[in-house]
Amino acid sequence: MRSQAFCLISGTAMKWFKLGNAGKIFCKIVLFTAILTAAFLYIQQTLKLDMGHRGTDNVNGFYAEKEDSIEVLFVGASTMFCTVDPLVLYEDYGIASYDFGSSGQPFELSYLFMQEAFQRQRPKVMALEVLSIFEELDTSKADNLNYGITDMPFSGTKLKGLSDMFRRDRGKGLSYLIPIAQYKDRWQELTREDFEEKTVNYAKGAYTPDLVSDAPLDFSSYYEEESAVIPERNLEIFRRMLQLCKENGTELLLFKSPNVGWNIGQTKAVEALAEEYGLPFIDYYALMEELQIDTAQDFRDNSHLNRYGSQKASDYMGEYLTSHYELTDWRRMDADNSWDIALREREHDRKNEQMSRIGGLPEYMSRLPYDGHTAAFCVSGDVTGMEDFLRELAKAFGLDGEKLLEGGSFAVVDGQCVSGLIGPSDGEWFWEQGFDTLRLTGYSISYNREMYQLVDDGLTIFLYDNEWGQFVDAVGFDAYDPAHGVRQAE
Amino acid sequence: MSFTSYQFFVFLPVVLVCYFLIPGRWRRGWLLLVSLLFVLHFDDKYLLILLVSTLLSYAAGLFLERLHRRGAPKEKARRIGMFVSVLALLGILTACKYLGFLIENGNRILRIFGAGGVKAPVSLILPIGISYYILQMISYLADVYRGKISAERNLLDFTLYTSFFPKLMSGPIERADAFLLQIRACRSWKLWNWERISGGLTLMVWGYFQKLVIADRLAIFSDEVFGHYRQYGSVELALGVTVFFFQLYADCNGYMSIAQGAAGILGFTLQDNYNAPYFAHSLREYWSRWHVSLSTWLRDYVYIPLGGNRKGELRKDINLLLTFLISGLWHGASWNFVVWGALHGLYQVAERRLEPIVDAVNRRLHTRTQSFAYRGMRIVKTWLLNIIAFVFFKSATLKDAAGYLRRILCKWDPWVLFDGSLYTMGVSEKCWKAALAGLILFFVMDGIKYRTGERIDGWLGRQCIWFRWGFLLMLILSCIVLGAYGPAYDVRNFAYFGF
């Protein structure tokens, strides 16, 4: 093997020396250009702004999906990905779907998303959320374009799409094609996250946090406008969408999520359009009563459903899709697919999320997940009233309870105490995973140079997810009031 | 089409590819065509003025030569011909560049006498590069008049001499004898010379680095300070003009490197306009290193014809003052440029007159004049005098310049160095650091040039391939990431573009 490699290298070297001067120069130019291009692409990738659920996660996640694996694809703005949750569709109906959208997505960009989607997927149903059909493309709204375009890989389709969108100012379109022109100044604000590559989107494009809007939504303006006109350019785009779906043997489905600002005139116009082209149209506004969507509990703001509202809307969508289209129930397949993995990840995530919301010490301890986690405990100050609990805690991990009462810390990895008790007079103890470092002393817990000493008198608990390599929670319980945990933000 | 515009990045490769592929006999025609298109891209009026001036000086050159051949009887006619043709060229320059200034000042005088003002007869335009190509034409006519060169008979070659796009916008002011030789020879050049091409590309990259990473980044700060000087105290204002002092050099030298690089790839050599001027120990040395083509032009066509140093000490002082006043006026049609020029003239006179005294004092005190510290102090002295003069150069009006200097002396605010105020003036702390790092690199390269006379392309060409490639990659990527360009920045023209 070694001699083969030597022959290969020496053979290449011989050929190199036999090359004429022009050949060598050519090779040098090619090599230099290749290095420069690679460095440029890396820098561009690093400097790009991570738009999270607004764009980056959804777009990158779509390209990480296995080719020809999605049967129902949802396209549109945030109202789309806050309404339909593909994991609900999978868990309850076995539908393999994805929310391929971006915040504030203009209608013309939805068309580019469809074109891009068909390069990798052959969905049976393309579901389009029609919020933006009444708005003409405004290229001065850079954010709405960046959310969708920045992370879309370079391709002929993208080039053509941008050329069409920026037909009046092609120079401006260039900065969307080469994102570094817009994001180059981000070198000043780079953090560790910018160097971490995120591809898979375990939410399958959906964004359904369990936030609730401050006040019930007021839909009284819905009936104020009786008529609305779809701009001619958007009608043309719509016809192109239809043609594209037709060419790919995909059924187009229109739907509209409820949001304040939308009016009955717009609903009628979309209904008329759907009727004209023989397309189904799901109007969630009309279904709010039937689906028991509560204006006080099921929205996170004026435009977006929250986790609870999305669950109801997705259930309806699942039933509609299974009853109107011949879709495969992917849950019955033997092999794990990406939706199965995503469901497990979601379960994992929600458990972590719950931990960061628990207030009382007894409940916290009862739900503390030891498997796959690292928990660090730090006892400090006067712990009168907590003695019995701390003795029990020390006993559970084979430590000296009386010593712990005097103060100290210890770490538990996968249910096993790995540090022993670090007393106030002992030195430091370190635990590392990847770039994350946990440091314990007799009186404090530090994680990546940030110190967590949340209560002066009582117990501080730090929780880290080993599997995901991320911080989960840090909470302090005062010895005098262990029922109310104290967290850093508070 | 500025060198930093997107269009130029399309224009230049197209020009180069065709230039390298076409037969040698078409090269001059191709360069002329693209140079004229380059001007046309700005404005068709600019092209018209360039062509009219070119035709005028071309015809005048032939006329002067014809009279020269006829000898002494036609000497008076030749003098008149020379005078009229230079006057016509200066008339074009005045009409485009100084008419507004003349009318404004004329109106002031008229108002003193109670008379009404006069309006400009046409809307005034300042064609790109007019200050440069008019000087080139004048020097060409003077050289023909003196019999130093023969008049150019080929109109196309002569037009290429006046309009060659790399040097059109901001010089250098090339002399006709050397440049026309290059034009005539270019048809037979062997273009595929990798050393020359890579040297040209290196120079261009280095030029963009100076412009985008240093000059345009620093310009944000100096523009802010000069634009709102009434809001700032001594430290910010002193820093503002010091930053401008470095910015201007990075800007000018950046342009020159790009121009030399582009011309170099085409096979042409442009003279070095900036020869490490900030290492000069005296203002006299500074002016022999700063904007060399203008300085030598002024020396040959203004200072020497005025009598130079041949007519006594007093006349020499007066000639120096006059030359620098003209230099100031050339830089811009405004009284602050005149004052800036006058200050430099006075500096020159004072430096010359004080030199024996300083020497005597040094001898008496046994000062080690070759020591690093003494030489360093002389460099700093040159900087300081220059910086004071630059207040007039950068300020919008004389009144602003006076206000600026007054505030530097009266509004002492040292705390801004420590309380973070400096980072709230358009340039963040990290950007400062980036610009400073760029500036240090810039001065290291200039130091090499000062000591060895070698430009960056020559110096880098002698290094090993790993260093060379690493250095070039660093420059290119720095331009891309740290450069002040893109949607968040105004496109800034090169500083000497407007002169």
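Rules and cut-offs
Numbering of residues starts from 1 in every chain and runs along the sequence as written. Going through the entries in the order they are written, you letter the chains from A and number the ligands from 1. Where totals are concerned, whole chains, interfaces and linings use all residues; where local detail is concerned, this predicted model gives features only for residues with pLDDT of at least 70, and gives and counts side-chain atom pairs only at 80 or more. To get the side-chain values, all heavy atoms of the structure are used, and hydrogens and water are removed first. A run of DSSP states H or I qualifies as a helix once it reaches four residues; a run of E qualifies as a strand once it reaches two. Both are numbered from the N-terminal end. Only protein chains enter the calculation, and the probe is 1.4 Å; a residue is then buried if its accessible area is under 20% of its type maximum, exposed if over 50%, and partly exposed in between. The contact rule is simple, with two residues in contact once any of their heavy atoms fall within 4.5 Å. Shrake-Rupley sampling with a 1.4 Å probe provides the accessible areas, and residues are treated as covered by the protein chains on show and by no other component. In this count, Lys and Arg are taken as positive residues and Asp and Glu as negative ones, while His and the chain termini are left out. Every charge is mapped to an atom, namely NZ of Lys, CZ of Arg, CG of Asp or CD of Glu. Throughout, radius of gyration means the C-alpha value; the globule benchmark is 2.2 Å times the number of residues raised to the power 0.38. Patch construction takes residues with relative accessible area above 30% that form no salt bridge. Like charges are linked within 9 Å, and nonpolar side chains (Val, Leu, Ile, Met, Phe, Trp, Tyr) are linked within 5 Å. Definition used for salt bridges: Asp or Glu carboxyl oxygen within 4 Å of a side-chain nitrogen of Lys or Arg. Two parts placed together each lose some accessible area under a 1.4 Å probe, and the buried area is that loss summed for both. In the analysis that follows, any N or O atom pair within 3.5 Å is treated as a polar contact, provided that within protein one partner can donate a hydrogen and the other can accept it, and provided that, for residues neighboring in sequence, both atoms belong to side chains. The definitions used throughout rest on a 1 Å grid laid over the protein atoms alone, on which a cavity is an enclosed set of points accommodating a 1.4 Å probe that cannot get out and a pocket is an open set flanked by protein within 12 Å on both sides along at least five of seven lines; lining residues are those having an atom within 4 Å of a point. Grid points are joined across faces, edges and corners, and a volume is the space filled by probe spheres set on the points. Nonpolar residues are Ala, Val, Leu, Ile, Met, Phe, Trp, Tyr, Cys and Pro. Charged residues are Asp, Glu, Lys and Arg, and all others, Gly as well, are polar.

K.L.:
Explanation requested: the overall build of chain A in the structure shown.
P.N.:
Per the secondary structure count, chain A includes 18 helices and 15 strands. The principal-axis extent of the C-alpha atoms belonging to chain A is close to 80 × 80 × 45 Å. For chain A, with 490 residues in total, the buried portion stands at 52%. Across chain A, the fraction of contacts at a sequence separation of at least 24, relative to all contacts at a separation of at least 6, is 72%. For chain A, the accessible surface area stands at approximately 23,500 Å², while carbon and sulfur atoms represent 52% of it. Across chain A, the 46 positively charged side chains and the 79 negatively charged ones have centroids separated by 11 Å.

K.L.:
Help me understand the overall build of chain B, please; the structure alone is not making it clear to me.
P.N.:
Scanning chain B for helices and strands turns up 19 helices and 0 strands. Scaling as 2.2 N^0.38, a compact globule of 499 residues should have a C-alpha radius of gyration of about 23 Å, and chain B matches this with 24 Å. Among the 499 residues that make up chain B, the fraction classed as buried is 55%. Counting contacts in chain B only where the partners sit at least 6 residues apart, residues at least 24 apart contribute 76% of the total. With an accessible surface of roughly 22,800 Å², chain B has 66% of that area assigned to carbon and sulfur atoms. Of the charged side chains in chain B, 55 are positive and 32 negative, and the gap between their average positions amounts to 6 Å.

K.L.:
Would you explain a nonpolar patch on the surface in this entry?
P.N.:
Residues and elements named next belong to chain B. A contiguous nonpolar patch, built from Leu-354, Ile-357, Val-358, Val-361 and Leu-365 and spanning about 440 Å² of accessible area, is present on the exposed surface. Its location among the elements puts Val-358 in helix H14 (residues 335–365). Judged by its relative accessible area of 38%, Val-358 falls in the partly exposed class.

K.L.:
I keep staring at the interface of chain A and chain B and nothing clicks. Help me out?
P.N.:
Each side of the interface is counted separately: chain A has 19 residues, and chain B has 23 residues. Of the roughly 1,800 Å² buried between chain A and chain B on both sides combined, carbon and sulfur atoms contribute 79%. For the chain A face of the interface with chain B, the top three residues by lost area are Phe-32, Lys-184 and Trp-187 of chain A, together amounting to 33%. On the surface where chain A and chain B come into contact, there are 1 salt bridge. At the surface where chain A touches chain B, the tally comes to 3 residue pairs in polar contact (both at pLDDT 80 or more). Broken down by secondary-structure element, the contributors of at least two residues to the side of chain A that touches chain B are helix H2 (21–47) and helix H10 (180–183) of chain A. With 11 residues, the single largest contributor to the side of chain A that touches chain B is H2 of chain A.

K.L.:
For this particular structure, what's the right way to read empty space enclosed by the protein?
P.N.:
Over the atoms, a rolled probe matching the size of one water molecule traces out where space is still vacant. All names here are of chain B. Going through the model one piece at a time under the given rule, you end up with 1 cavity of 30 Å³ or more. Taken as a whole, the largest cavity encloses approximately 130 Å³ of empty space. Taken together, 16 residues form the lining of the largest cavity, with Trp-206, Asn-253, Lys-449, Arg-455 and Ile-456 sitting closest to its centre. The greatest single-element share of the lining of the largest cavity, amounting to 5 residues, is contributed by helix H17 (residues 429–452). Along the lines of polarity and charge, the residues of the lining of the largest cavity split into 7 nonpolar, 4 polar and 5 charged.

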